[in-house]
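Summary of the model geometry
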Amino acid sequence: MWFMEYIEHLRKDKKLATIINEPLHERIKPHKNIPMQLIGNIMSQQLNTKVADIIYNRFLTLYGDKLPTPQQIIATPDATLRGIGLSNAKVKYVKNVAEFCVERKITDKKLHAMSNDEIIELLTQIKGVGKWTAEMLLMFALGREDIFSVDDYGIQSGMVKLYKLQKLEKKQLRERLIKISNKWAPYRTYACLYFWHWKDNAPVKTQSK
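Below: a short report on this structure. (Residues numbered from 1 in each chain as written. Predicted model: local features only at pLDDT ≥ 70, side-chain atom pairs only at ≥ 80, totals over all residues. Heavy atoms only, no water.)

This paragraph deals with a positive patch on the surface. Together, K15, K164, R176 and K179 make up a region of like positive charge exposed at the surface. Relative accessible area serves as the criterion here: at 65%, K164 is assigned to the exposed category. (Patch = residues over 30% accessible without salt bridge, like charges linked within 9 Å, V, L, I, M, F, W, Y side chains within 5 Å. Areas by Shrake-Rupley, 256 points an atom, 1.4 Å probe, with all protein chains shown as cover. Salt bridge = Lys/Arg side-chain N within 4 Å of Asp/Glu carboxyl O. Lys, Arg positive; Asp, Glu negative; His and termini not counted. Charge placed at Lys NZ, Arg CZ, Asp CG, Glu CD. Buried < 20%, exposed > 50% of the residue type's maximum accessible area, 1.4 Å probe, protein only.)

Now the structure itself:
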């Protein structure tokens, strides 16, 4: 089965093995329309899954239940986007992403040809897109299996508990987490998923329809 390779590898870490009880239901794989995935991620930030889904569905309704092009989003009045439940800041960020994708001619093909670091460097130029957002896009839209989001709260708290790292200061903790994660390569994304499931605080993921 497809999941046996990453499970066997991750279980070499005896502590991590204690939270790997079964294969994950989701498989990390690429999705289409990655610019729209990024916009969906922006809209879902700091929202629970239920609220994020409601807003995303309202968003799609604006465009006949089809994924809009960046040009369509740019042409949508701010008041219309606020009307579906987006804050002023998120309206601005969503349009920032759409404008950036048009100006830089961002396509799925272009992004798939780039390395993880190149994509993070590119996307974090957009106001409203931080490193964490870019990492989530790498995992859940581009299907990259070896991403470690060191600054994610759920991953940090899970690793602190599992590896008993409570006494470390912030800089030391970050360095230790990265060092621990290195032995999970090339399946660090799956390790992150196990920590989110274990702590029951998986990030909101918006899927294309």
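Taken as a whole and judged by the stated rule, the model has 10 aromatic pairs. With 6.5 Å between their ring centres and 50° between their planes, Y6 and Y187 make a pair best called tilted. Taken together, the positions of Y6 in helix α1 (residues 4-10) and Y187 in the loop between α12 (170-182) and α13 (188-199) put the pair 181 residues apart, joining distant regions of the chain. Here the two residues Y6 and Y187 agree in accessibility, since each one is buried. (Phe/Tyr/Trp six-rings, centres within 6.5 Å; stacked < 30°, edge-to-face > 60°. Helix = DSSP H or I, 4+ residues; strand = E, 2+ residues; numbered from the N terminus.)

Below, the discussion takes up unusual backbone geometry. Here the amide bond leading from A185 into P186 is cis, since omega sits at 10°, within 30 degrees of zero. Position of P186 relative to the elements: it lies in the loop between α12 and α13. Its identity as a non-glycine residue notwithstanding, Q46 has a phi of 65°, on the positive side. When you line up the elements, Q46 lands in the loop between α3 (34-44) and α4 (49-61). The class for Q46 is exposed, based on a relative accessible area of 83%.

Where helix α9 (residues 116-123) meets helix α10 (residues 131-140), the axes come as close as 9 Å, and the angle between the chain directions of the two elements is 135°. Here α9 lies oblique to α10, going by the angle between them. Crossing geometry of α9 relative to α10 is assigned as right-handed. Listed contacts from α10 to N116, I119, I120 and L123 of α9 are K131, A134, E135, L137 and L138. (Axes fitted to C-alpha atoms, helices over the stretch in contact; angles between N-to-C directions. Parallel < 35°, antiparallel > 145°, perpendicular 65-115°, else oblique. Left-handed = near helix turned anticlockwise from the far one by under 90°. Contact = heavy atoms within 4.5 Å.)

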